[in-house]
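# Examination of the molecular architecture
Single-letter residue listing:
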Amino acid sequence: MPPSSAFAPAKVNLTLHVTGLRADGFHLLDSLVMFADVGDRVTVADAPEMRLTVTGPRAAGVPEDARNLCWKAAEWFGCAVAITLDKHLPAAAGIGGGSSDAAAVLRAMQDLYGRPFPVEGLERLGADVPVCSLGHAARMTGIGEGVLPLTMAPMQAVLVNPGVDVPTPQVFKALTCKDNPPMYAMPEDGGTPAAIAWLKTQRNDLQAPAIAVQPVIAEVLAALTATPGARLARMSGSGATCFALYDDRATAETAAAALRLKHPGWWITAATLS
């Protein structure tokens, strides 16, 4: 049978409210998630034994064994495959790279073998895997198992990662209040302007603790806020990737180009979120 490929888009948490802490230590979340038109790509082929090859500009340091979520996802599906991961997103960056890669493996294997992947307990692979398996706008709740698909107009954004390591456990440890209010109802009309106005009233509860761990995140947010046309700047996930929203793609592209000139060492890209 011919190999099967799937795109693994960057996940962007437009909001991330930490609403509680379970007895087992897992944090409860309430998050509005959208996905970018930039990401990785996975290809899977039927094989006698599991194999993973990582290529692409961001391949360095990515494990090619059972530590990789792609490998774990294939085991979850229940078949041995040869996986090629073409890596373009920065790792451990708050944009769900590993989880999106795992979800792409599941989609590709579903196409390859003609049967659906098991969804019950999918959050055990990773909190972001269920929403990444959907791959478009959604509200994510619980420890990741609650995924409500949403219909939202595309948004134009710039994504920036300064290339620093922000360990997620360290960020959650630095979060002083773990019982915060959930999101309140989104506007059902008014389009993108109303959505952005609503987003400004929401939060990423991990932003302040992540800045305490890596102060450069505050510098990224300031740089994004200062770009002409930026409507909102916020951190995604547990960091260090941040985003700003704009009215149109041209303004976002101009902002991304200006930021690249000032910060050549940062990962910077314009993106359409959907």
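Structure: see above.
Let me sum up the structure you'll find in this document. Here the residue numbers are simple positions, counted from 1 along each chain's written sequence. Given that this is a predicted model, residues contribute local features only at a pLDDT of at least 70 and side-chain atom pairs are listed and counted only at 80 or more, while totals for whole chains, interfaces and linings are drawn from all residues. The basis for every side-chain value is the complete set of non-hydrogen atoms in the structure, without hydrogens or water.

## So, the overall build of the chain
For the chain, the count of helices and strands is eight helices and eleven strands. With the radius of gyration taken over C-alpha atoms, the globule rule is written as 2.2 Å times the number of residues to the power 0.38. A compact globule built from 274 residues should have a C-alpha radius of gyration of about 19 Å, and the chain, at 18 Å, falls within 12% of that. Looking at the chain as a whole, 51% of its 274 residues are labelled buried. If you take every contact in the chain between residues at least 6 apart in sequence, the share linking residues at least 24 apart comes to 72%. Put simply, DSSP H or I for four residues or longer makes a helix, DSSP E for two residues or longer makes a strand, and each gets a number counted from the N terminus. Only protein chains enter the accessibility calculation, which uses a 1.4 Å probe; a residue is then buried when its area is under 20% of its type maximum, exposed when over 50%, and partly exposed in between. Any two residues having at least one pair of non-hydrogen atoms within 4.5 Å are treated as being in contact.

## Some remarks on the pattern of salt bridges
If the charged atoms of two oppositely charged side chains come close together, the side chains can form a pair. The rule for a salt bridge is simple: a side-chain nitrogen of Lys or Arg has to be within 4 Å of a carboxyl oxygen of Asp or Glu. Tallied over the full model, the rule gives ten salt bridges. The residue Arg-139 makes a salt bridge to Asp-30 at a minimum N-O spacing of 2.7 Å. You can see Arg-139 sitting in strand E6 (residues 138-142) and its partner Asp-30 sitting in strand E3 (residues 27-46), a full 109 residues away along the chain. A relative accessible area of 4% means that Asp-30 is categorised as buried.

## Observations concerning the state of the cysteines
Criterion for a disulfide: a pair of cysteine sulfur atoms at a distance within 2.5 Å. Applying the stated criterion across every chain, the model contains zero disulfides. No disulfide involves Cys-242; its sulfur sits 18 Å from the nearest other cysteine sulfur, which is in Cys-132. On the basis of relative accessibility, which here comes to 0%, the residue Cys-242 falls in the buried class.

## Structural notes on the environment of Leu-150
Secondary-structure assignment places Leu-150 in the loop between strand E7 (146-149) and strand E8 (155-161). Those residues in contact with Leu-150 that lie beyond four places of it in its chain are Leu-32, His-136, Ala-137, Ala-138, Arg-139 and Met-186.

## Brief notes about the pairing of strand E1 (residues 4-13)
The buried count for E1 comes to eight of ten residues, which makes it a mostly enclosed element. If DSSP finds at least two bridges between two strands, the strands pair. Relative to E3, E1 is paired through nine bridges, and the arrangement is antiparallel. Its bridge partner being in E3, Asn-13 is matched across the sheet by Val-33.

## Observations concerning unusual backbone geometry
Peptide bonds are, in most cases, trans, and in most cases residues other than glycine have a negative phi. Of note, the bond from Gly-239 into Ala-240 is cis; its omega dihedral lies within 30 degrees of zero at 10°. When you line up the elements, Ala-240 lands in the loop between strand E9 (232-235) and strand E10 (242-246). Residue Ala-92 is not a glycine yet carries a positive backbone phi of 50°. Overall, Ala-92 belongs to the exposed group, its relative accessible area being 55%.

## Considerations on the packing of aromatic side chains
For Phe, Tyr and Trp, rings pair up if their centres lie within 6.5 Å, where Trp contributes its six-membered ring, and each pair is then called stacked (planes under 30 degrees apart), edge-to-face (over 60) or tilted (otherwise). A full pass over the atoms with the stated rule returns two aromatic pairs. Judged by centre distance (6.4 Å) and plane angle (85°), the ring pair of Tyr-184 and Trp-198 falls under edge-to-face. Of this pair, Tyr-184 sits in the loop between helix H4 (168-174) and helix H5 (191-199) while Trp-198 is found in helix H5, placing the two residues 14 residues apart along the sequence. Residue Tyr-184 is classed as partly exposed on the basis of its relative accessible area, which comes to 47%. With relative accessibility at 5%, the residue Trp-198 sits in the buried group.

## A short note on the nonpolar core
Across soluble globular proteins, nonpolar side chains show a tendency to be buried alongside one another. Think of a nonpolar core as a cluster: buried Ala, Val, Leu, Ile, Met, Phe, Trp, Tyr and Cys residues, connected wherever their side-chain atoms sit within 4.5 Å. Judged by nonpolar contacts, the single largest core of 35 residues is most densely connected at Val-158, Val-160, Leu-206, Ile-217 and Leu-224. Counting residues per element, this core draws most heavily on helix H7 (residues 216-225), which supplies five residues. Setting aside anything within four residues of it in sequence, one finds Val-160 in contact with Val-220, Leu-224, Ala-240, Thr-241, Cys-242, Leu-259, Trp-266, Trp-267 and Ile-268. Ala-74, Val-81, Met-109 and Leu-112 belong to the second largest nonpolar core, which has 29 residues in total.

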